[in-house]
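# Topology and contacts: notes
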Amino acid sequence: MTTKDRQIERRWEQLHTWGPYGLLGVSVVLALASAGVIDRSGEWYAAWALVVAAVALQLWWHGTRARRAGPGRIPSRAGTAYYVVRWAIGFALTWIDPFFAFYAAAGYMDADELIPGRWQRLGLFASAVTVAAAQAGGLPFGSGVQWILFAALLVANSGLQMVVAHLTQQEAQRSRERTETITELERTNAALQQALDENAALHAQLLVQAREAGVADERRRLAAEIHDTIAQGLTGIIAQLQVVANTSDPEAARVHLGRASELARQSLGEARRSVHNLAPVALEHDGLPEALKKTVADWARRTGVRADFTLTGTAEHLHEEISATLLRIAQEALSNASRHARAARLGVTLSFMGDEVTLDVRDDGRGFDPAAVPGRTGNGGFGLDGMRARAERVAGSLTLESEPGRGTAVSARVPLVRDDR
């Protein structure tokens, strides 16, 4: 219930509590004002006694309402008894003086609060009888015209009150339905918010799992490369040095020392490449856009090919795993272009698009047939399959478009995951 609803409820409560006092006071004032015109005789003693009884009844009911637990506007037996007694006092006072019909009209405003169910209409009809009798000239009636006038006024009063009561019940029903609808919407919103929270938690968990899986895959890849290259190179160096240690021929020793030196240089190159792929140095001090711009510029100087970097959208600080993935994909794409494309021009575009980031690398080189792409090469890098695997590790994707003589386009699309640190 809103604050405004509570204020309206409180005002209705005040009206039901103090309204009968006010109507009784108005009736007494009007009756006294007309005392010089209308003959009162001994009935005024009875009238004053009834006024005192009415005040006592109101005080009793006021105290009863204050002691009742729960909402005040719930019909009860005590409320019905109060309504009946008050109607009887109002009827008797109206018989004495028609101006007391104002007090009797109090039954119009609280029948729904005091009388349960279908008996409310009977209570309204009884109040209409008293009011119509006063309007017809007061009781008792002295002529048939008064009876006819009373009947017409009774129909008008009771009919009007029945219509008002019916509309009030309909409005109360609509209010209850609106309250139930609002309650249901609140439950639905709460369930939806809970589902959204669970979704967010699941998304975060999936990202963590994807990162852990990427780390595990990277460890396996590095272990395999160390085993296939560096470890074998070191084994070869040891073998060559053992031959040198065991030979007395200077020429043979020189040959084996040369072989050992060549193996050492190759192993050093493999070690540097593996470390470079594991932790991109370019991201130590720069964000992804700056690192890509420098990488493209260095590649252009090294190869002599014109290369441009373009940033679209509003750059954001990405999670380190996302940044590393895109940078490594770009490095591998540039490496492939320098080895195979024979391009005159190359473009790299990084796009921030709402909830995702895309990296496009396009060249105007000789192109190739994507269906005939070889697997991992023997001179470093891990090919298109490795680039695709990197994108998929962070819930992204990689697409390749190429045709002989028409250049190559590599596009990586990954979710935009911000770094909250």
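Our structure's up above, just so we're on the same page.
Note that the structure is a prediction, hence the values are computed from the model and not measured. The residue numbering used here restarts from 1 in each chain and proceeds along that chain's sequence as written. A pLDDT threshold of at least 70 governs which residues receive local features in this predicted model, and a stricter bar of 80 or more applies before side-chain atom pairs are shown or counted, although totals over entire chains, interfaces and linings include all residues. Hydrogens are left out, water is left out, and the side-chain values use all remaining heavy atoms of the structure.

On the surface, a nonpolar cluster with roughly 300 Å² of combined accessible area is contributed by Val26, Leu30, Phe99 and Phe102. Strands here are runs of E lasting at least two residues and helices are runs of H or I lasting at least four, both read from the DSSP assignment and numbered beginning at the N terminus. Locating Val26 in the fold gives a position in helix H1 (residues 3-33). For patch detection, residues must exceed 30% relative accessible area and be free of salt bridges, and they are connected within 9 Å for like charges or within 5 Å for nonpolar side chains (Val, Leu, Ile, Met, Phe, Trp, Tyr). Per-residue and other accessible areas follow the Shrake-Rupley method at a 1.4 Å probe size, with only the shown protein chains counted as cover for residues. The salt bridge definition used is simple: a Lys or Arg side-chain nitrogen within 4 Å of an Asp or Glu carboxyl oxygen.

Attention shifts here to the nonpolar core. Buried Ala, Val, Leu, Ile, Met, Phe, Trp, Tyr and Cys residues form a nonpolar core when they are joined through side-chain atoms within 4.5 Å. Partly exposed describes any residue whose relative accessible area lies between the buried limit of under 20% and the exposed limit of over 50%, with all areas from a 1.4 Å probe on protein chains only and scaled to the type maximum. Formed by 37 residues in total, the largest nonpolar core has its most connected members in Leu326, Leu346, Val357 and Leu359. Contributing elements (two or more residues each) for this core: helix H9 (288-303), helix H10 (320-341), strand S2 (345-353), strand S3 (356-363), helix H11 (383-393), strand S4 (397-402) and strand S5 (408-415). Ranked by residues supplied to this core, first place goes to H10 with nine residues.

What follows concerns H9. Helix length check: H9, at 16 residues, gives a terminal C-alpha distance of 22 Å against a target of 22 Å (1.5 Å per residue), a fit within 8%. Taken residue by residue, H9 has Leu288, Pro289, Ala291, Leu292, Thr295, Val296, Trp299 and Ala300 as its buried positions. The buried residues of H9 occupy one face: seen down the axis, they fall within an arc of 165 degrees. With respect to the buried face of H9, the exposed residues turned more than 90 degrees away are Lys293 and Arg301. Throughout, a residue-residue contact means that at least one pair of heavy atoms, one from each residue, lies within 4.5 Å. Taken together, the buried residues of H9 touch strand S1 (306-312), H10, S2 and S3. Gly304 lies just past H9 and shows a positive phi near 80 degrees. Each residue after the first adds 1.5 Å to the expected span of a helix. Think of the arc as the fan of directions from the helix axis to the C-beta atoms.

Note on aromatic contacts: the rings of Phe and Tyr and the six-membered ring of Trp form a pair at centre separations within 6.5 Å, being stacked when their planes are under 30 degrees apart, edge-to-face when over 60 apart, and tilted otherwise. In this structure the tally under the stated criterion is eight aromatic pairs. Note on Trp18 and Tyr21: the rings are 5.4 Å apart at their centroids and 40 degrees apart in plane angle, and the pair reads as tilted. Here Tyr21 and Trp18 lie together in helix H1, a separation of three residues that amounts to about one turn. A centroid spacing of 5.1 Å and a plane angle of 45 degrees characterise the contact between Phe141 and Phe150, whose relative ring orientation is tilted. Neither residue differs from the other here; Phe141 and Phe150 are each classed as buried.

With that settled, consider the sheet that holds S5. Strand pairing requires that DSSP identify at least two bridges connecting the strands. Reading across the sheet, the five strands line up as S1-S2-S3-S5-S4 and stay open at both edges, with mixed pairing between neighbours. Pairing within the sheet leaves two strands with one partner each, and these edge strands are S1 and S4. Across the sheet, the axes of successive neighbouring strands diverge by a mean angle of 10 degrees, strand direction being ignored. When S2 meets S3, the two strands line up antiparallel, connected through eight bridges. Within S3, the position partnered with Leu350 by the bridge is Leu359. Here H9 sits on the sheet and contacts S1, S2 and S3; the angle it forms with S1, its principal contact strand, is near 170 degrees. Note on method: axes are straight lines fitted to C-alpha atoms, helices fitted across the in-contact stretch only, with angles between N-to-C directions ranging 0 to 180 degrees. Packed onto the sheet, H10 meets S2, S3, S4 and S5 and runs at close to 10 degrees relative to S3.

Before going further, it helps to examine the pairing of S2. Bridge count between S1 and S2: seven bridges; the pairing is parallel. Residue pairing for S2: Leu311 is matched across the bridge by Leu350. Here a crossover is taken to be right-handed if, once the strands point away from the viewer, the path from the first strand over the helix to the second is traced clockwise. Running through H10, the crossover from S1 to the neighbouring parallel element S2 is left-handed. The antiparallel pairing of S2 with S3 creates a hairpin that spans two residues between the two strands, and Gly354 there sits at a positive phi of about 70 degrees.

Turning our attention to empty space enclosed by the protein. Lining residues are defined by having an atom within 4 Å of a point belonging to a cavity or pocket. Those points lie on a 1 Å grid over the protein atoms alone, cavities being sets where a 1.4 Å probe fits but cannot get out and pockets being open sets with protein on both sides within 12 Å along at least five of seven lines. Grid points are joined across faces, edges and corners, and a volume is the space filled by probe spheres set on the points. Applying the stated rule across the entire model yields one cavity of 30 Å³ or more. Considering only enclosed or pocket space, the largest cavity measures out at about 50 Å³ in volume. What lines the largest cavity is simply Tyr83, Arg86, Trp87, Gly90, Tyr103, Ala104, Gly107 and Ser127. Breaking the lining of the largest cavity down by element, the ones donating at least two residues are helix H3 (77-96) and helix H4 (101-104). The greatest single-element share of the lining of the largest cavity, amounting to four residues, is contributed by H3. For the lining of the largest cavity, the class distribution of residues is four nonpolar, three polar and one charged. Gly falls in the polar group here, along with every residue not listed as nonpolar (Ala, Val, Leu, Ile, Met, Phe, Trp, Tyr, Cys, Pro) or charged (Asp, Glu, Lys, Arg).

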